[in-house]
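# Report on the structure
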Amino acid sequence: MEVKKIFLPESELPRQWYNILADMPTPMEPPLHPGTGKPVGPQDLAPIFPMNLIEQEVSPKRFIDIPEEVLKIYTIWRPTPLYRAYNLEKFLKTPAKIYFKNEGVSPAGSHKPNTSVPQAYYNKVAGTKRITTETGAGQWGSALSMACAFFGLECKVYMVKISFNQKPYRRLMMETWGATCVASPSTETKAGQTILAQNPDSPGSLGIAISEAVEAAVTGKDSKYSLGSVLNHVMLHQTVIGLEAQKQLAIAGDYPDVIIGCCGGGSNFAGCAFPFVRDKINGKKIDIIPVEPTSCPTMTRGPFAYDFGDTVMMTPLLPMHTLGHSFVPAPIHAGGLRYHGMAPTVSQLIVDGLIRPVAVPQLETFQAGITFARTEGFISAPETNHAIAVVIREAIKAREEGKQKVILFNWSGHGLVDMAAYEAYLRGKLTDHALPEEEIHRALSDISKFPKPKQYRAGTV
């Protein structure tokens, strides 16, 4: 009988996170203080984050111990199973072996609790009483709401307005776990008020929601801000995915030729890929592909430059691929991928040629999600469908080339509360969004006077 899924016992749950900063071929350029243009120090970040997470953000250690309290909560859903997609392989008539890591088994339905739980824990230890955050599709907001419930913390979530309206059940998940969720831009913050004055009908963006959440944290009592992607410590926490996958693939007797993950800010992709990127740095031949929407082509068309992580310029300047902090993506259903920037670590790996980004149009991603559901049974989040679309491309390529390849992708979350998006697709109401060059040029004009990284690269608009 074929082995469909590979489990690890709880005793095999990783006891440490992997920190790719220890192995980056090119040292990371530092975040810059927007006022002085000089590298940001720990005290500059202290009003936003607790010091224990700031220490992780800059740590050069290759492995960082996972606290026992975090491990106990991880065991609710981890280790997650690794599946072999036999039915998809058969449907595509491909010689490729397709494996996927099922991160949808977490209580929140995605990979996001891998970092929300440690972030809530470290905030609790530091004396934080209230955490503020942003969320796009609601996966991060719901994951942090759950984690705050575990540690007795208040949670305030600013949810991008278009997703707030498209995905009411994610908002209700947050409220079930005890959080307060408001649509962003809101009238509660100066940042939100500024955006609404410029455009009362703004659909919102992750950049705007970040501005609101940061403002609420720095002006609130005993409050800190939490980010669900982009930053080094978030990538770090997610590496449990790839570390487990390495053990599971060894049990299967396979090693990936291709690794794929959808990429909005970078965390689920990094979590699965970074332990394998280390192998590639040390000589393994792997094609590692982060996938984004053509309507928000940060990695494939944006420059590698210094830019703000938010819209109203409250964060440090980060060295990353960006479409400009004022860029507001089209209101596609993959709300978690509607971000103007990208994780600096992911961006640096693109510059170094270690990973190969790809952009996919919306209709192809939903067709891929339908194909996956009708072969493997699982209904995927719209974000995850981007990864599946490129898995299908690579599997067909392997068939055409007659090559036996091993493909690993991160199934980052289920789409059971995203069915309105599927209905729109099935009823023919969705369209592809091709981003005009002039729109990118307009958004990037805002960063033209910023300092440039030493490895600055212009975008391919």
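In the block above lies the structure referred to throughout.
Residues numbered from 1 in each chain as written. Predicted model: local features only at pLDDT ≥ 70, side-chain atom pairs only at ≥ 80, totals over all residues. Heavy atoms only, no water.

### Some details on the overall build of the protein chain
The condition that has to hold: Going along the chain from the N terminus, every DSSP run of H or I of four or more residues is numbered as a helix, and every run of E of two or more is numbered as a strand. C-alpha atoms define the radius of gyration, and 2.2 Å times the number of residues to the power 0.38 defines the globule rule. Here the term buried applies to any residue with accessible area under 20% of the maximum for its type, exposed to any over 50%, and partly exposed to those in between, with areas from a 1.4 Å probe on protein chains only. Two residues qualify as a contact provided that any one of their heavy atoms is within 4.5 Å of a heavy atom in the partner residue. Accessibility throughout is a Shrake-Rupley quantity obtained with a 1.4 Å probe, and a residue counts as covered only by protein chains that appear here.
On a plain count of helices and strands, the protein chain comes out with 19 helices and 15 strands. Against the compact-globule benchmark of 23 Å for 461 residues, the protein chain has a radius of gyration of 20 Å, which places it among compact chains. For the protein chain, the spread of C-alpha atoms along the three principal axes comes to 60 × 50 × 45 Å. The buried share of the protein chain, taken over its 461 residues, is 63%. Partitioning the intrachain contacts of the protein chain with sequence separation of at least 6 by distance along the chain shows that 78% fall at a separation of at least 24. By element, 54% of the accessible surface of the protein chain is carried by carbon and sulfur atoms, the whole surface being about 16900 Å².

### Here's the deal with the sheet that holds strand β15 (residues 406–411)
Counted only if it meets this: Here a strand pair is declared whenever DSSP counts at least two bridges between the two strands.
The sheet built from seven strands is open, its strands ordered β1-β4-β5-β15-β10-β11-β14 with mixed pairing. Strand pairing shows two members of the sheet lacking a second neighbour, β1 (5–6) and β14 (358–360), which therefore form its edges. For strand β4 (residues 82–84) and strand β5 (residues 97–102), the ladder comprises three bridges, and the chain directions are antiparallel. The residue of β5 that forms the bridge with Arg84 is Tyr99.

### Description of the side chain of Ser145
The condition that has to hold: Two N or O atoms form a polar contact when they lie within 3.5 Å of each other; inside protein one atom must be a possible hydrogen donor and the other a possible acceptor, and for residues adjacent in sequence the pair counts only when both atoms belong to side chains.
Note on placement: Ser145 falls in helix α6 (residues 139–151). Ser145 gets classed as buried once you look at its relative accessible area, which sits at 1%. Looking at Ser145, its side chain comes within polar contact range of the main-chain oxygen of Gly141, at 2.6 Å. Here Ser145 is in contact with Cys155, Val157, Met174, Trp177 and Ala179, once residues within four sequence places are set aside.

### Examining the pairing of strand β13 (residues 317–321)
Within β13, five of the five residues are buried, leaving the element largely enclosed by the surrounding structure. Pairing of strand β12 (residues 304–308) with β13, which is carried by five bridges, proceeds in the antiparallel orientation. For Asp307, the partnering residue across the bridge sits in β13 and is Leu318.

### With respect to the pairing of strand β11 (residues 287–293)
Residues in a regular strand project their side chains so that they alternate between the two faces of the sheet. This is how it is decided: For crossovers, right-handed means that the path from the first strand over the helix to the second runs clockwise, given strands pointing away from the viewer.
With six of its seven residues buried, β11 lies for the most part within the structure. Here strand β10 (residues 258–262) pairs with β11 via five bridges, running parallel. Residue pairing for β11: Ile260 is matched across the bridge by Ile289. On the question of chirality, the crossover connecting β10 to the parallel β11 by way of helix α13 (residues 267–281) is right-handed. One ladder, built from three bridges, connects β11 with β14; its direction is parallel. Paired with Pro293 across the two strands is Val360, which belongs to β14.

### Re the state of the cysteines
Operational definition: Two cysteine sulfur atoms form a disulfide, by the criterion used here, when they sit within 2.5 Å.
Within this structure, the stated rule accounts for zero disulfides. Of the cysteine sulfurs around Cys262, a residue in no disulfide, the closest is that of Cys263, at 7.5 Å.

### What about the layout of surface pockets?
To keep it simple, the criterion reads: Only protein atoms enter the 1 Å grid used here. Points where a 1.4 Å probe fits but cannot escape make up a cavity, open sets with protein on both sides within 12 Å along at least five of seven lines make up a pocket, and a residue lines them when an atom lies within 4 Å of a point. Grid points are joined across faces, edges and corners, and a volume is the space filled by probe spheres set on the points. Under the scheme applied, nonpolar residues are Ala, Val, Leu, Ile, Met, Phe, Trp, Tyr, Cys and Pro; charged residues are Asp, Glu, Lys and Arg; polar residues are all the others, including Gly.
Size it by volume and the largest pocket reaches roughly 660 Å³. Taken together, 35 residues line the largest pocket, and the ones lying closest to its centre are Pro31, Glu57, Val58, Asn232 and Leu318. Mapped by element, the contributors of at least two residues to the lining of the largest pocket are α1 (42–45), α2 (51–58), α10 (206–219), α11 (232–238) and β13. A breakdown of the residues in the lining of the largest pocket according to their chemical character gives 26 nonpolar, seven polar and two charged. Lining the second largest pocket are 13 residues, with Ile195, Gln198, Thr311, Ser326 and Val328 sitting closest to its centre. Ranked by the residues each element gives to the lining of the second largest pocket, the list is headed by helix α9 (residues 190–198), at three residues.

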